[in-house]
Amino acid sequence: MIYRRFFNVPTYRIRSPWEELHRMRQQLDQMFDDTPSQRVSAGVYPLINLTEDKDNYYVRAELPGVKGDELDIQVTGKNLAISGERKIAAEEEGARYHRKEREAGTFSRMIGLPGEVDMDKVEAKLENGILSIVVSKAEIAKPKQISVS
Amino acid sequence: MADTQSKELKVREKQEVASPAEQTTPGLVFTPAVDIFETEKEITLLADMPGVRADDLTIDLRDNTLTLSADIAPVDSADEEEILVEYETGRYYRQFTLGELINQESIDAKLNDGVLRLSLPKVEKATPKRIAVKTG
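The structure displayed is predicted, hence computed values, not measured ones. Throughout this document, residue positions are counted from 1 along each chain, in the order its sequence is written. The naming scheme follows written order: chains are lettered A onward, ligands numbered 1 onward. For a predicted model such as this one, the threshold for reporting local features is a pLDDT of at least 70, and the threshold for listing and counting side-chain atom pairs is 80 or more; totals across whole chains, interfaces and linings nevertheless cover every residue.

Trainee: Help me get a handle on the overall build of chain A, residues and values and all.
Mentor: The number of helices and strands found in chain A is two helices and eight strands. Numbered from the N terminus, helices here are DSSP runs of H or I no shorter than four residues, and strands are runs of E no shorter than two. Taken from N to C terminus, the helices and strands of chain A fall in the order α-α-β-β-β-β-β-β-β-β. The buried share of chain A, reckoned over its 149 residues, is 21%. Of the contacts made within chain A by residues no fewer than 6 positions apart, 53% connect residues no fewer than 24 positions apart. For the exposure call, what matters is how many other C-beta atoms sit within 10 Å of a residue's own: 20 or more marks it buried, 12 or fewer exposed, and in between partly exposed, using C-beta atoms placed from the backbone. Residues are defined as contacting one another if the C-beta atoms placed from their backbone atoms lie within 7 Å.

Trainee: Run through the overall build of chain B, naming residues and quoting values.
Mentor: When its secondary structure is counted, chain B shows one helix and 10 strands. Looking at chain B as a whole, 21% of its 136 residues are labelled buried. Taking contacts inside chain B between residues at least 6 apart in sequence as the whole, the part at least 24 apart equals 52%.

Trainee: Account for the environment of A:Leu47, with residues named and values stated.
Mentor: On the secondary structure map, A:Leu47 appears in the loop between helix 2 (17–32) and strand 1 (48–52). Here the alpha-carbon distance between A:Leu47 and A:Ala61, two residues 14 residues apart in the chain, equals 5.9 Å.

Trainee: Provide a residue-level description of the interface of chain B and chain A, including the pertinent values.
Mentor: Residue-level contacts link 38 residues of chain B with 47 residues of chain A. Breaking the side of chain B that touches chain A down by element, the ones donating at least two residues are helix 1 (2–5), strand 3 (34–38), strand 4 (42–48) and strand 7 (81–85) of chain B. Looking at the side of chain B that touches chain A residue by residue, the class counts come to 17 nonpolar, six polar and 15 charged. Two strands form a pair only when DSSP identifies at least two bridges running between them. Where strand 1 of chain A and strand 7 of chain B come together, four bridges link them in antiparallel fashion. Residue polarity follows a fixed list, in which Ala, Val, Leu, Ile, Met, Phe, Trp, Tyr, Cys and Pro are nonpolar, Asp, Glu, Lys and Arg are charged, and the others, Gly among them, are polar.

Trainee: Residue-level account of the sheet that holds strand 6 (residues 105–112) of chain A, with values.
Mentor: Residue and element names in this part refer to chain A. If you trace the three strands from one edge of the open sheet to the other, you get 3-4-6, paired in antiparallel fashion. Edge positions in the open sheet fall to strand 3 (71–76) and strand 6, since each of these has one partner strand only. The sheet shows a mean angle of 10° between the axes of neighbouring strands, direction not considered. The axes are straight lines fitted to the C-alpha atoms, using for helices just the contacting stretch, and the angles between their N-to-C directions are given from 0 to 180°.

Trainee: If you had to explain the sheet that holds strand 8 (residues 91–97) of chain B to someone new, which residues and values would you point to?
Mentor: Backbone-to-backbone hydrogen bonds pair the strands of a sheet. The strands run either parallel or antiparallel. Residue and element names in this part refer to chain B. One open sheet accounts for five strands, arranged 1-2-8-6-5; its pairing is mixed. The open sheet is flanked by strand 1 (15–16) and strand 5 (57–62), the only strands paired with a single partner. Of the strand pairs in this sheet, strand 2 (residues 29–31) and strand 8 are connected by two bridges, and their pairing is parallel. Directly across from Val 29, in strand 8, lies its bridge partner Arg 91.

Next up, the structure:
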């Protein structure tokens, strides 16, 4: 399902003697791939959830502790680039740490949206540590209701 | 801290709570990532809780057990269709046992950009006082 959405090409197959071998290799790769998660993830920070409705795409990411001005969002064609830096301020001298699980650092990610977008209608907001970007679909990408006469 | 500034952030899956206290409402529960540090005066706890509003957060301290629990507000509307799901959302829950006595009156909690900062001041120990002996 996801495959079809992202690569908008018909899935016809070219038969070749190597195809079967190639397929076997892919399956073996999958077997030894030790990612336990069932979800499709690019493994790039930040993790993203992408949803759509009739008019918009919604891109959401959890970025706790990131300020709006530390974030850089750019749209080029169908691609959305999110980059920035998460800073954790140094605490006072002599503080003894019991746990240190939160991490600081830079991040940069590119997301390809599945359809044409209207680059002028992109809105981003950062609320309670969640970034949500609303990208308007281009007119040609919007579904048209066709009435049956 | 200088070397951590340029480090590239790596993806870390949200940790689901393995066996939280009995949950009565359905849904996923996650453990927030925390920093805890201690100075002479207080213990400070920082927790990443994206999606939590101040009203939805409960901090409870009794008998040296500190409990953080938070609900999140749903972000998507019903007619949105999922295309790609890389992270799940759910409530947060985590418990800590504190070794120090805490001055309950002056606990301070702030929630900014999805990060909770909780200051737990220690109970001031009796400072040794020298008693002067008068002669007379």
